[in-house]
Amino acid sequence: MSRGDCVAMEPRAVGVSKQDIREQIWDHMESQNLADFPRPVHHRIPNFKGSYLACQNIKDLDVFARTQEVKVDPDKPLEGVRLLALQSKKTLLVPTPRLRTGLFNKITPPPGATKDILRKCATSQGVRNCSVPIGLDSRVLVDLVVVGSVAVSEKGWRIGKGEGYADLEYAMMVSMGAVSNETPVVTIVHDCQVVDIPEELLEEHDITVDYILTPTRVIATDCKRPQPMGITWSKGVTPDSCPLSGEETPVVLLKSSSHPKAQISRKMMEKIPVLRSLRAREQQAGKDVTLQGERQHLPEPGRQQAVPLSAGRRPLDTPGPEANSMEATVGSPPGEGAPLAADVYVGNLPRDARVSDLKRALRELGSVPLRLTWQGPRRRAFLHYPDSAAAQQAVSCLQGLRLGTDTLRVALARQQRDK
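Residues numbered from 1 in each chain as written. Predicted model: local features only at pLDDT ≥ 70, side-chain atom pairs only at ≥ 80, totals over all residues. Heavy atoms only, no water.

Undergrad: Which residues make up the overall build of the protein chain, and what values do they have?
TA: Along the protein chain, the regular secondary structure elements total 11 helices and 20 strands. Here the protein chain holds 419 residues, and 53% of them are scored as buried. Considering only contacts within the protein chain whose residues lie at least 6 apart along the sequence, 69% involve residues at least 24 apart. (Helix = DSSP H or I, 4+ residues; strand = E, 2+ residues; numbered from the N terminus. Buried < 20%, exposed > 50% of the residue type's maximum accessible area, 1.4 Å probe, protein only. Contact = heavy atoms within 4.5 Å.)

Dropping the structure here:
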């Protein structure tokens, strides 16, 4: 497609919003039959005819040739990049959709995988079936970030589908130390998605792109705008948020922040377990992670942030003030020797840990099980959840949890049956 075919897509200069630009792009791609499966493209990162050709252009970038570890979003139009990364034997990290069960999945093709198998691994089905979760404790160093976009400008300004997940993922990677402001960001779009975007629409949490790949062009933006520098949990200011379609966006702008950071809403903390886990890690590191309206419930700055061990010794069958929402039993979990898929193993408990210590930690992270089986002398416990999905979510949320100075081992119980 020539640049002239995209003139109609230039947004109006007066009173234009991000959502106006999104709607223009989506409408144009549908009306001109530029979209590909899945359709309609509205409220999506649009897949487009020629996406595979656009993805091939990444082979011409030195940043791709040099990279060892690449993070590629799970969007359909980026499937070709995921395949190229696997064929090039690079470490491929793909965010879990909507961050439901964690931050990353590492795609792990079977030994001796053929091109057809690699092609399947690059699809959404492959992300589900041929991957292992990467916890916050993993030493991830991402060399290249590839994101989907609804619209992008030649200056590097980017507009996503309006839910903020790409911005949130980037901010979390910064907090993990996985990326820096020097990590290049690439996006893959149709030519008609390259439009002028007024700079005043950019917010501090918005990521920008260094390279734009289309079926006909490779655009180096030379963008100098700083990338988001991490997550701000609370600043005591009124956020400028823009919910779309009645759903709260996960990232909101902090106008008083001296550095671009993403602030987390309380609603998204409830939806995204890995956020709760990251928050607990940063709390243990002594950072102020209180959300607005929660300051009265969390320790004051400067106090020990790790989950403390109880000073007193209370009988295990005596419920404490925090024992009103989960049942604790002592001994073997039902059916030991054949753990259920909905059970979670917690190991490496401190020798002087009490069941109340673990209960408190589970509440703070929002991962309260239906029942807890305590095996203190064996330095382990089992958490019983209603189904396997809840158990997997708990495993992701509890990665990196410490009691006192000890980091706990957390895994699905069925994976620990021989240990």
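Now that the structure is up, let's keep going.
Undergrad: A description of the packing of helix α9 (residues 273–284) against helix α11 (residues 388–398) should follow, citing residues and the corresponding values.
TA: Contact pair α9 / α11: the axes reach a minimum separation of 7 Å and the direction vectors enclose 25°. On the basis of their axis angle, the class for α9 and α11 is roughly parallel. Here α9 and α11 pass one another in a crossing that is right-handed. Mapping the contact onto sequence places P273, R276 and S277 in α9 and Q393, S396 and C397 in α11. (Axes fitted to C-alpha atoms, helices over the stretch in contact; angles between N-to-C directions. Parallel < 35°, antiparallel > 145°, perpendicular 65-115°, else oblique. Left-handed = near helix turned anticlockwise from the far one by under 90°.)

Undergrad: For the pairing of strand β16 (residues 371–375), give the residues involved together with the corresponding values.
TA: Burial analysis of β16 places 4 of its 5 residues in the buried class, the great majority of the element. Summarising the sheet, β16 and strand β17 (residues 380–384) pair through 5 bridges and their orientation is antiparallel. Directly across from Q375, in β17, lies its bridge partner R380. Linking two consecutive strands that pair antiparallel, namely β16 and β17, is a turn of 4 residues; a positive phi of about 60° is found at R379 within it. (Pairing = 2+ DSSP bridges.)

Undergrad: A description of the side chain of E79 should follow, citing residues and the corresponding values.
TA: Tracing the backbone shows E79 in helix α4 (residues 79–87). A distance of 3.0 Å separates a polar atom in the side chain of E79 from a polar atom in the side chain of K76. (Polar contact = N/O pair within 3.5 Å; in protein donor to acceptor, adjacent residues only side chain to side chain.)

Undergrad: Go over helix α10 (residues 355–364), please, and point to the residues and values.
TA: Here α10 lies mainly inside the structure; 7 of its 10 residues are buried. Taken as a whole, α10 has its buried residues at V355, S356, D357, L358, K359, A361 and L362.

Undergrad: How would you sum up the environment of A220? Please name residues and give values.
TA: With respect to the helices, strands and loops of the structure, A220 is situated in strand β10 (residues 218–220). Classification of A220 as exposed rests on a relative accessible area of 56%. The sequence separation of A220 and E154 amounts to 66 residues, and the corresponding C-alpha distance is 7.9 Å. Once residues lying within four places of it in the same chain are set aside, the contact partners of A220 are D210 and Y211.

Undergrad: Would you mind going over the packing of aromatic side chains in detail, with residue names and values included?
TA: The full count for this structure, using the stated rule, is 1 aromatic pair. One cation-aromatic arrangement involves K90 over F64; the distance from NZ or CZ to the ring centre is 4.9 Å. (Phe/Tyr/Trp six-rings, centres within 6.5 Å; stacked < 30°, edge-to-face > 60°. Lys NZ or Arg CZ within 6 Å of the ring centre and 35° of its normal.)

Undergrad: Outline the pattern of salt bridges, supporting the account with residue identities and numerical values.
TA: Applying the stated rule across the entire model yields 10 salt bridges. With a shortest N-O distance of 3.0 Å, R217 and E154 are connected by a salt bridge. Pair noted here: R217 is in the loop between β9 (211–213) and β10 and E154 is in the loop between β6 (151–152) and β7 (158–159), with a separation of 63 residues, a long-range link. You can call E154 partly exposed: its relative accessible area is 35%. Each of the salt bridges in this network shares a partner with another, and the network as a whole consists of K18, E203 and D206. (Salt bridge = Lys/Arg side-chain N within 4 Å of Asp/Glu carboxyl O.)

Undergrad: How would you summarise the confidence of the model for the protein chain if you had to cite specific residues and measurements?
TA: If pLDDT is low for a region, its predicted coordinates should not be looked at in detail. Mean pLDDT over the protein chain works out to 77, with 74% of the residues at or above the 70 mark. Low pLDDT (under 50) marks residues 295–325, which in the prediction has 58 contacts with non-local residues, meaning those over four places away or in another chain. (pLDDT = per-residue confidence, 0-100.)

Undergrad: Tell me what's going on with the environment of A411, and back it up with residues and numbers.
TA: Mapped onto the elements of the fold, A411 is located in strand β20 (residues 409–412). On the accessibility criterion, A411 (11% relative accessible area) is buried. Through-space distance from the C-alpha of A411 to that of Q392 is 8.4 Å; in sequence the pair is 19 residues apart.

Undergrad: Give me the lowdown on the sheet that holds strand β5 (residues 144–147), citing residues and values where you can.
TA: Sheets are built from strands that pair by backbone hydrogen bonding, the pairs being arranged parallel or antiparallel. Read across the open sheet, the 8 strands follow the order β4-β3-β2-β1-β5-β8-β9-β10; overall the sheet is mixed. Looking along the sheet, the strands with just one partner apiece sit at the ends: β4 (131–134) and β10. Taken pair by pair, the neighbouring strands of this sheet meet at an average axis angle of 25°, ignoring direction. In the sheet, strand β2 (residues 91–95) pairs with strand β3 (residues 104–107) via 3 bridges, with the strands oriented antiparallel. Note that in β3 the partner of V94 across the bridge is N105.

Undergrad: So what's going on with the packing of helix α7 (residues 165–176) against α9? Which residues, and what values?
TA: At a minimum axis separation of 12 Å, α7 and α9 run at an interaxial angle of 30°. The orientation of α7 with respect to α9, classified from their angle, is roughly parallel. By crossing handedness, the relation of α7 to α9 is classed as left-handed. Residues L168, M172 and S175 of α7 form the contact with α9, whose own contacting residues are V274, L275, L278 and E282. Residue composition of the contact of α7 with α9, by class: 5 nonpolar, 1 polar and 1 charged. (Nonpolar A, V, L, I, M, F, W, Y, C, P; charged D, E, K, R; others polar.)

Undergrad: Give me the lowdown on the nonpolar core, citing residues and values where you can.
TA: By size, the foremost hydrophobic cluster in this structure holds 46 residues, and its most contacted members are I21, I58, L92, L144, V146, I188 and I197. With residues up to four places along the chain from it excluded, the contact list for I188 reads F48, S51, A54, C55, P77, L78, V81, V146, V147 and L213. Residues Y165, L168, I212 and M269 belong to the second largest nonpolar core, which totals 39 residues. (Core = buried A, V, L, I, M, F, W, Y, C linked by side-chain atoms within 4.5 Å.)

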